[in-house]
Amino acid sequence: MEKTGGSLKKGLKRKRAAEEPQEAAVVEDGATDSGGQAPKAAAFPPGFSISEIKNKQRRHLMFTRWKQQQRKEKLATKKKLKKEREALGDKAPPKPIPKTIDNQRVYDETTVDPNDEEVAYDEATDEFASYFNRQTSPKILITTSDRPHGRTVRLCEQLSTVIPNSHVYYRRGLALKRIIPQCVSRDFTDLIVINEDRKTPNGLILSHLPNGPTAHFKMSSVRLRKEIKRKGKDPTEHVPEIILNNFTTRLGHSIGRMFASLFPHNPQFIGRQVATFHNQRDYIFFRFHRYIFRSEKKVGIQELGPRFTLKLRSLQKGTFDSKYGEYEWVHKPREMDTNRRKFHL
Amino acid sequence: MAAAGARWNHVWVGTETGILKGVNLQRKQAANFTAAGQPRREEAVSALCWGAGGETQILMGCADRTVRRFCTEEGRFQGQRHCPGGEGTFRGLAQVDGTLITCVDSGILRVWRDNDKETSSDPLLELRVGPGVCRMRQDPAHPHVVATGGKENALKVWDLQGSEEPVFRAKNVRNDWLDLRVPIWDQDIQFLPESQKLVTCTGYHQVRVYDPASPQRRPVLEATYGEYPLTAMTLTPDGNSVIVGNTHGQLAEIDLRQGRLLGCLKGLAGSVRGLQCHPSKPLLASCGLDRILRVHRIRNPRGLEHKVYLKSQLNCLLVSGRENWEDEPQEPQEPSQLSSEDTEADELWASLEAAAKRKLPDLEQTSGAFQTRRRKKKRPGSTSP
């Protein structure tokens, strides 16, 4: 009779260990001491997998047993490997680096080479050139979508303490296309609009003003100051330092320059404040910290200020014009997100 | 050596930084050519067209209102001429019978005598086409006929040998269902072969066909695609459909017999600035603000063939119409190359030596022109490896 049919008739967990050896002894020809070993090795005909057992409880049991077996084997190999390494001592081969999505990243051909003259010229003469040549200093206007709720309002206030020389204005249902010429005439260099949906901020539009590019981001994981654990006191008026991490491609460079042009040129190191834009896997993490050097090598940091995560949706050439503007880069999920190891920033 | 191999380039692209790039898809190389040796944003290329004499010369219209002549045989710039008058950049460039036709943004269309001796002389003919011109296109079958169109500037067809009035002036479509005037924004124009018809694509995502031969001045056919302004358009080799691109980087093929969408092409991430099909092969070259030149195959099967990253924003392109893209010699002929007479080993050493020698003459030649050659990645065409 079929092995599985027989075990189904018995059906319960209690006599499992006792049953297997009996059945094994009855059915199997060759395996003599299979009762002492793991039952699965002896009991089943070849080509049988646990998922073919129809009874859910029994199937679950067989699976947990298999899993325990696997874990034991894994631990055993690990121990063996460790012993071998200790035995070899210095001659042991270096530990293999685990594969992560970041180090398996597909090489992006648009990665900027620092020695490339053409790209250097392109960057030196782009819309941010006037900031990087110290001809203009930033003046930011922060506003929201119409009728913002409390979280968004508080985020705007906190952002204006983080970014020096910034002003928050209430958006009285005005069209952005009308606001922008007024900002230009009042010498604003950047416009930040925080979009809100269902009482939480979820989008950020950053537009460089005279005629510069407009970036549209999705914003998530917004934490206001009071929601940050172990935070420091409120930030002071000192100009913070900026850290831009991991913006490697040409698009990343443009976005990095856009963030850099929000802050005044000369940071005041007395303030010991630093704003970080860290790009990892196309998500940009914004953090604001105060640091203190306890010794030559040790730094203590306190997180102040809001924190949020941004993901770039589109970069449009020219000031805000979502219908008729020309886009330099648009995120297309069905074309660009097919590969888990390909990133664009 | 890049200069010597310039004649074999398949696609010529003009950039916002003033560099003319010649791309050889067979060898997967791109070469930069600048007139002054350095890229300059004031010389941003806004229009490209073939010069006289087959495809040996390229005329490049720059943002500083000069038209430069580039010789593909020799790989260097030969001369320039300043074309003043009106404001804005060039929206169209054409040449016929030793004369040069230019049209600028503010609507001044001028015909210049094309000789190198007189760098700036008075134009032979001047027409005022109306402000806000977005494109001026020459009819390949009748070189004296040009069409212009733009924002709030309806399509007009001009005969340069005829009178000062347009031969055909298009009429706007009827008011829409709310009885509002439909705005006009003709972004690109093409002449259909073997008939008098014209196709335009508009900034309000419409594709329209006009027929001057028919009594109606309104469009004969209208099709819409997408929600974003269409910026560039090209005819396919069979003449029955057009491929349009919009500001989001979407490319679509639209059949002109029925006004139907035939299919889309994927890959572009930025606004499409230049599109051109090869006259006989089913290949389409597209360039845009995402700094990448892509060559797609339009049918059997539809997909990406080549992708080349060119580091500046691309404004316009020209596709070489020659047939033998694959048959050219793999290595350029150098005078000092060993003749491959004796054995295969000798040939192998010769090709290796030629590759080594190619690096050194490159450095010597950079005194004259700003040229770099990068070996592009050996992956033809796959966007997601």
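Rules and cut-offs
Residues numbered from 1 in each chain as written. Chains lettered and ligands numbered in written order. Predicted model: local features only at pLDDT ≥ 70, side-chain atom pairs only at ≥ 80, totals over all residues. Heavy atoms only, no water. UniProt positions renumbered as here; feature names shortened; annotations may be inferred. Helix = DSSP H or I, 4+ residues; strand = E, 2+ residues; numbered from the N terminus. Buried < 20%, exposed > 50% of the residue type's maximum accessible area, 1.4 Å probe, protein only. Contact = heavy atoms within 4.5 Å. Areas by Shrake-Rupley, 256 points an atom, 1.4 Å probe, with all protein chains shown as cover. Buried area = accessible area lost by both parts, 1.4 Å probe. Salt bridge = Lys/Arg side-chain N within 4 Å of Asp/Glu carboxyl O. Polar contact = N/O pair within 3.5 Å; in protein donor to acceptor, adjacent residues only side chain to side chain. Nonpolar A, V, L, I, M, F, W, Y, C, P; charged D, E, K, R; others polar. Pairing = 2+ DSSP bridges. Axes fitted to C-alpha atoms, helices over the stretch in contact; angles between N-to-C directions. Patch = residues over 30% accessible without salt bridge, like charges linked within 9 Å, V, L, I, M, F, W, Y side chains within 5 Å. Phe/Tyr/Trp six-rings, centres within 6.5 Å; stacked < 30°, edge-to-face > 60°. Core = buried A, V, L, I, M, F, W, Y, C linked by side-chain atoms within 4.5 Å. Parallel < 35°, antiparallel > 145°, perpendicular 65-115°, else oblique. Left-handed = near helix turned anticlockwise from the far one by under 90°.

- If you check an unreviewed UniProt entry, chain B appears there as WD repeat domain 74 from Pipistrellus nathusii.

- In the nomenclature of an unreviewed UniProt entry, chain A is known as Ribosome production factor 1 of Pipistrellus nathusii.
- The UniProt entry for chain A carries the following text under Function (unreviewed entry): "May be required for ribosome biogenesis."
- According to the UniProt record, the Subcellular location (unreviewed entry) comment for chain A reads "Nucleus, Nucleolus".

### Let's talk about the overall build of chain A
Turning to step 1, where the next piece is worked out: Helix and strand content of chain A: ten helices and ten strands.
Turning to step 2, where the next piece is worked out: Taking all 345 residues of chain A together, the buried fraction comes to 42%.
Turning to step 3, where the next piece is worked out: Within chain A, contacts between residues separated by at least 24 positions form 64% of all contacts whose residues are at least 6 apart in sequence.
Turning to step 4, where the next piece is worked out: Put simply, chain A shows about 20800 Å² of open surface, and 52% of that area lies on carbon and sulfur atoms.

### Here's the deal with the overall build of chain B
Turning to step 1, where the next piece is worked out: The secondary structure content of chain B amounts to one helix and 29 strands.
Turning to step 2, where the next piece is worked out: Relative to its full complement of 385 residues, chain B shows a buried share of 55%.
Turning to step 3, where the next piece is worked out: Look at the contacts in chain B between residues 6 or more apart in sequence, and 47% of them connect residues 24 or more apart.
Turning to step 4, where the next piece is worked out: Total accessible area on chain B stands at roughly 16800 Å², and carbon and sulfur atoms take up 49% of it.

### Re the interface of chain B and chain A
Turning to step 1, where the next piece is worked out: With 40 residues of chain B at the interface, the matching set in chain A holds 29 residues.
Turning to step 2, where the next piece is worked out: Here chain B packs against chain A, burying approximately 2800 Å² in sum over the two surfaces, 49% of which is carbon and sulfur.
Turning to step 3, where the next piece is worked out: Contact with chain A buries surface across chain B, with B:R41, B:Y309 and B:K311 losing the most and accounting together for 20% of the total.
Turning to step 4, where the next piece is worked out: Connecting chain B to chain A are seven salt bridges.
Turning to step 5, where the next piece is worked out: For B:R291, the salt bridge is made with A:E328, and the minimal N-O distance between the two is 3.3 Å.
Turning to step 6, where the next piece is worked out: Taken together, the connections running from chain B to chain A amount to 21 residue pairs in polar contact (both at pLDDT 80 or more).
Turning to step 7, where the next piece is worked out: By residue class, the composition of the side of chain B that touches chain A is 13 nonpolar, 15 polar and twelve charged.

### Quick look at the sheet that holds strand β27 (residues 303-309) of chain B
All names here are of chain B.
Turning to step 1, where the next piece is worked out: The strand order across the open sheet built from four strands is β24-β25-β26-β27, with neighbouring strands paired in antiparallel fashion. Strands at the two margins of the open sheet, each flanked by one partner only, are β24 (272-277) and β27. Sheet twist, expressed as the mean angle between neighbouring strand axes with direction ignored, is 20°.
Turning to step 2, where the next piece is worked out: Summarising the sheet, strand β25 (residues 283-288) and strand β26 (residues 292-297) pair through four bridges and their orientation is antiparallel. Residue A285 lies in a different strand from β26, and its bridge partner there is V295.

### Looking at the pattern of salt bridges
Residues and elements named next belong to chain B.
Turning to step 1, where the next piece is worked out: If you walk through the whole model with that rule in mind, you get 35 salt bridges over all chains.
Turning to step 2, where the next piece is worked out: In this structure, E42 and R40 form a salt bridge, with 3.3 Å as the shortest nitrogen-oxygen distance.
Turning to step 3, where the next piece is worked out: One salt bridge in this structure joins R208 and E222, with 3.0 Å as the shortest N-O distance. Taken together, the residues span a long stretch of sequence, with R208 in strand β18 (residues 206-210) and E222 in strand β19 (residues 221-224) at a distance of 14 residues.
Turning to step 4, where the next piece is worked out: Residue classification places R208 among the buried positions, given a relative accessible area of 2%.

### A short note on the UniProt feature "domain: Brix" (unreviewed entry) in chain A
Turning to step 1, where the next piece is worked out: Per the UniProt entry, the sites bearing "domain: Brix" (unreviewed entry) are residues 138-321 of chain A in this numbering.
Turning to step 2, where the next piece is worked out: Counted over residues 138-321 of chain A, helix gives 18% and strand 42%. Its end C-alpha atoms are 22 Å apart.

### Re a nonpolar patch on the surface
Turning to step 1, where the next piece is worked out: Together, A:F293, A:V299 and A:I301 make up a nonpolar patch on the protein surface, roughly 320 Å² of accessible area in all.
Turning to step 2, where the next piece is worked out: Relative to the elements of secondary structure, A:V299 occurs in strand β9 (residues 299-317).

### What to know about the pairing of strand β16 (residues 186-191) of chain B
Residues and elements named next belong to chain B.
Turning to step 1, where the next piece is worked out: Of all six residues that make up β16, six are buried, and the element is covered over most of its length.
Turning to step 2, where the next piece is worked out: Across five bridges, β16 lies against strand β17 (residues 198-202) in antiparallel orientation. Bridge pairing links I189 to T200 in β17.
Turning to step 3, where the next piece is worked out: The antiparallel hairpin formed by β16 and β17 contains six residues in its connecting segment, where E194 sits at a positive phi of about 60°.

### Digging into the packing of aromatic side chains
Residue and element names in this part refer to chain A.
Turning to step 1, where the next piece is worked out: One pass over the full model with this rule turns up 17 aromatic pairs over all chains.
Turning to step 2, where the next piece is worked out: With centroids separated by 6.4 Å and ring planes inclined at 55°, the aromatic side chains of F247 and F259 adopt a geometry described as tilted. Of this pair, F247 sits in the loop between β6 (241-245) and α9 (250-260) while F259 is found in helix α9, placing the two residues twelve residues apart along the sequence.
Turning to step 3, where the next piece is worked out: For F247, a relative accessible area of 10% translates into the label buried.

### Concerning the nonpolar core
Turning to step 1, where the next piece is worked out: Among the nonpolar cores identified, the biggest contains 38 residues, and A:I192, A:F217, A:I255, A:F259 and A:I284 are the most heavily contacted of them.
Turning to step 2, where the next piece is worked out: Here this core takes five residues from β9(A), the largest share from any one element.

### Concerning the sheet that holds β16(B)
Backbone-to-backbone hydrogen bonds join strands into a sheet, with any given pair of strands oriented parallel or antiparallel.
All names here are of chain B.
Turning to step 1, where the next piece is worked out: Taken together, four strands build an open sheet; the order of strands is β16-β17-β18-β19 and the sheet is antiparallel. Looking along the sheet, the strands with just one partner apiece sit at the ends: β16 and β19. Strand-to-strand twist in this sheet, taken as the mean axis angle between neighbours without regard to direction, amounts to 20°.

### Brief notes about the packing of helix α5 (residues 117-124) of chain A against α9(A)
Residues and elements named next belong to chain A.
Turning to step 1, where the next piece is worked out: Contact geometry for α5 and α9: axes closest at 12 Å, N-to-C directions at 30°. Between α5 and α9, the interaxial angle falls into the category roughly parallel. You can see that α5 and α9 cross each other, and the crossing is right-handed. From α5, V119, D122 and E123 reach across to α9, where they touch R250, H253 and R257.
Turning to step 2, where the next piece is worked out: Grouping the amino acids of the contact of α5 with α9 by side-chain chemistry returns one nonpolar, one polar and four charged.

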